[in-house]
Amino acid sequence: MSQTEYEAAIEQTLMVIEDALDDCDWDIDYERSGAVLTLTLEDNGSQVILSRQLANSELWVAAKSGGYHLSFTAPGWKCSTTGEDLPTLLDRVLSEQQGERVKLGLPQ
């Protein structure tokens, strides 16, 4: 994947997540600064941070349960340690931090 393709994939991914957050039933605020998206759970103030990592063409997710490195393998992002795709990983870490099931409804 070229750097241009990688940056386009990151941008598209972050926009899809923002759209899902706008439409979800959970009170999750988000703030974006460049290619860093910070999700804040309003019930408890905990955060999940997604960030672009140019040097290794990865998307990193930082949550209370740890840091996750995802690589783009068609059709989407896959975690190198858990094998989860991005929608599954985000739903899981948000649910763990919320204390109840959160489902953003991201496309697989």
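Residues numbered from 1 in each chain as written. Predicted model: local features only at pLDDT ≥ 70, side-chain atom pairs only at ≥ 80, totals over all residues. Heavy atoms only, no water.

## Examining helix α1 (residues 3-23)
Right, so step 1: The end-to-end C-alpha separation of α1 is 30 Å, in line with the 30 Å expected for 21 residues at 1.5 Å each.
Right, so step 2: For α1, every residue scored as buried is listed here: Tyr6, Ala9, Ile10, Thr13, Leu14, Ile17, Glu18, Ala20 and Leu21. All buried residues of α1 fall inside an arc of 165 degrees around its axis, so they share one side. For α1, the exposed residues lying more than 90 degrees away from the buried face are Thr4, Asp22 and Asp23. (Helix = DSSP H or I, 4+ residues; strand = E, 2+ residues; numbered from the N terminus. Expected span 1.5 Å × (residues − 1). Buried < 20%, exposed > 50% of the residue type's maximum accessible area, 1.4 Å probe, protein only. Arc of directions from axis to C-beta.)

## Quick word on the layout of surface pockets
Right, so step 1: In this structure, the largest pocket spans a volume of roughly 340 Å³.
Right, so step 2: Surrounding the largest pocket, 17 residues form its lining, Pro75, Gly76, Trp77, Pro107 and Gln108 being those nearest its centre.
Right, so step 3: Every element with two or more residues in the lining of the largest pocket is listed here: α1, β5 (66-73), β6 (76-79) and α2 (86-98).
Right, so step 4: Counting residues per element, the lining of the largest pocket draws most heavily on α1, which supplies five residues. (1 Å grid on protein atoms, 1.4 Å probe; cavity = no way out; pocket = protein on both sides within 12 Å on 5 of 7 lines; lining within 4 Å. Points joined across faces, edges and corners; volume = space filled by probe spheres on them.)

## As for the side chain of Gln98
Right, so step 1: Checked against the element boundaries, Gln98 lands in helix α2.
Right, so step 2: Looking at Gln98, the relative accessible area reads 11%, which means it is buried.
Right, so step 3: If sequence neighbours within four positions are ignored, Gln98 has contacts with Trp26, Leu41, Asp43 and Asn44. (Contact = heavy atoms within 4.5 Å.)

## Comments concerning the sheet that holds β5
Right, so step 1: Sheet architecture is open: six strands sit in the order β1-β2-β3-β4-β5-β6, paired in antiparallel fashion. This sheet does not close on itself; its edge strands, each paired only once, are β1 (28-33) and β6. Geometrically, the sheet is characterised by an average inter-axis angle of 20 degrees between neighbouring strands, direction not taken into account.
Right, so step 2: Inspection of the sheet shows β5 paired to β6 by four bridges, in the antiparallel sense. Looking at β6, one finds that Leu70 is bridged to Cys79.
Right, so step 3: Along the sheet, α1 makes contact with β1, β2 (36-41), β3 (47-53), β4 (58-63), β5 and β6, crossing β1 at roughly 155 degrees. (Pairing = 2+ DSSP bridges. Axes fitted to C-alpha atoms, helices over the stretch in contact; angles between N-to-C directions.)

## A few points about the packing of aromatic side chains
Right, so step 1: Going through the model one piece at a time under the given rule, you end up with two aromatic pairs.
Right, so step 2: Judged by centre distance (6.2 Å) and plane angle (80 degrees), the rings of Tyr6 and Trp77 are edge-to-face. Of the two residues, Tyr6 sits in helix α1 while Trp77 sits in strand β6, which places them 71 residues apart along the sequence.
Right, so step 3: Taking the relative accessible area as the measure of exposure, Tyr6 reaches 0% and is therefore buried. (Phe/Tyr/Trp six-rings, centres within 6.5 Å; stacked < 30°, edge-to-face > 60°.)

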